[in-house]
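# Observations on the model geometry
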Amino acid sequence: MPNAMMTSYTSAVKREDLLDVITNLKPTETQFFTGLKKSKAKSVYHEWPVDVYATVTNSSSDKKTVEGADWGDGDMVSPTREGNYTQIIKEVWKISGTAQVIDTAGMSNPKAYYQAKAMINWKHKAEWSLIHGTKTAGDASTAREMGGIFNLTTTNAVNAGGAELTESLLLDYLQLGWEASSAKISECYVGADLKRVISSFTAGSTKNIEAKDKRLVNAVDVYESDFGIIKIFLHRFIDSVVTASGTHNMLLIAPETLAYAGLREPANYDAPKGGDYEKGAIIGEFTLEDKGEYANVAIKNLAANGGGAS
């Protein structure tokens, strides 16, 4: 019987064509977390003093004094304390002894690869928590949780009631921040639908600029408003918690009011060996410091109208 011809279909010794590069195109942007100023927490409840000036009334009666009058009482108020709880975020990795020594495509050091991947996952959890966290003291069985920006913003917490976003409405929201604080709103965080709406506005000037800001993963639009230039950040997690199905969120931020307050910086910790594997976790503990919640505007329950100025 003649020998059968070997083909690519019948060969038992052909090598697999496996590219020696691992492709991972999942998102990695953490613009809010990365852009925060740095502060230092020293306890699990991080506090900071907040002060305000006296309110200017709409009457002249408190702005004039009779000649020879007594000193009278002052209208100064004392500083108050605000605070937020630190939150522990943990991202575990685990790899068997065998997996560390076999010839693995795209991984010269599998342990280091998974540690680096765990750090990216940790940053995603941190980004989400800074936006959506609910302030919780915790106890022996309940984890502490920081208040995120939506939770901490109370003065200008807006329920849009399903209203469609228009240019006029965006300016109304910016005005809320201007009226409440001298801190300048210069950042706007929105999801894909509201970003497309804002891109269609024509009364302002929407354009792309180059910037050295390290958060600018992609080209960032800026919107020239009556209240200054606003950077528009397209954010992946801002709409992960919404008031109603099909609605959207928006954040208008004065960056000088916010900071990342670290108690334990994220780092890798190897667990004691418990078997034929290595295990560890990226662990970090921090909170969001908000020295002027009234300067920011947090809007929920917006509808995307498909664009166009009002």
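This text goes with the structure placed above it.
First, a word on scope: everything that follows refers to the structure included in this document. Note that the coordinates shown come from a computational prediction; the quantities given were computed from them, not determined experimentally.

Criteria and cut-off values
Residues numbered from 1 in each chain as written. Predicted model: local features only at pLDDT ≥ 70, side-chain atom pairs only at ≥ 80, totals over all residues. Heavy atoms only, no water. Phe/Tyr/Trp six-rings, centres within 6.5 Å; stacked < 30°, edge-to-face > 60°. Helix = DSSP H or I, 4+ residues; strand = E, 2+ residues; numbered from the N terminus. Buried < 20%, exposed > 50% of the residue type's maximum accessible area, 1.4 Å probe, protein only. Expected span 1.5 Å × (residues − 1). Contact = heavy atoms within 4.5 Å. Salt bridge = Lys/Arg side-chain N within 4 Å of Asp/Glu carboxyl O.

### Let's talk about the packing of aromatic side chains
Taken as a whole and assessed by the stated rule, the structure comprises eleven aromatic pairs. Each ring, one from W122 and one from F286, has its centre 5.8 Å from the other, and the planes form 50°; the classification is tilted. A residue pair is termed long-range when its members are at least 10 positions apart, and W122 in helix α2 (residues 110-132) and F286 in strand β12 (residues 277-290) qualify at 164 residues. Residues W122 and F286 agree in their burial class; the two are buried. Ring centres of Y189 and F233 lie 4.9 Å apart, and the angle between their planes is 15°; this geometry places the pair in the stacked category. Pair noted here: Y189 is in strand β6 (residues 187-190) and F233 is in strand β9 (residues 228-234), with a separation of 44 residues, a long-range link. In this structure, Y189 and F233 share a single accessibility class: buried.

### Description of α2
For α2, which comprises 23 residues, the first-to-last C-alpha distance of 33 Å matches the rise-based estimate of 33 Å (1.5 Å per residue) to within 8%. Regarding α2, the residues found buried are P110, K111, Q115, A118, W122, H124, A126, E127, S129, L130, I131 and H132. In this fold, the buried residues of α2 make contact with α1 (31-35), β4 (87-96), α3 (149-152), β10 (248-253), β11 (258-270) and β12.

### Some words on the pattern of salt bridges
Under the criterion given, the structure shown has ten salt bridges. Residue E29 is joined to R236 by a salt bridge in which the shortest nitrogen-to-oxygen separation is 3.0 Å. Here R236 lies in the loop between β9 and β10 and E29 lies in the segment before α1, a separation of 207 residues in the sequence. Judged by its relative accessible area of 13%, E29 falls in the buried class. Ionic contacts of the salt-bridge type, sharing partners, join the residues K111, D270 and E278 into one network.

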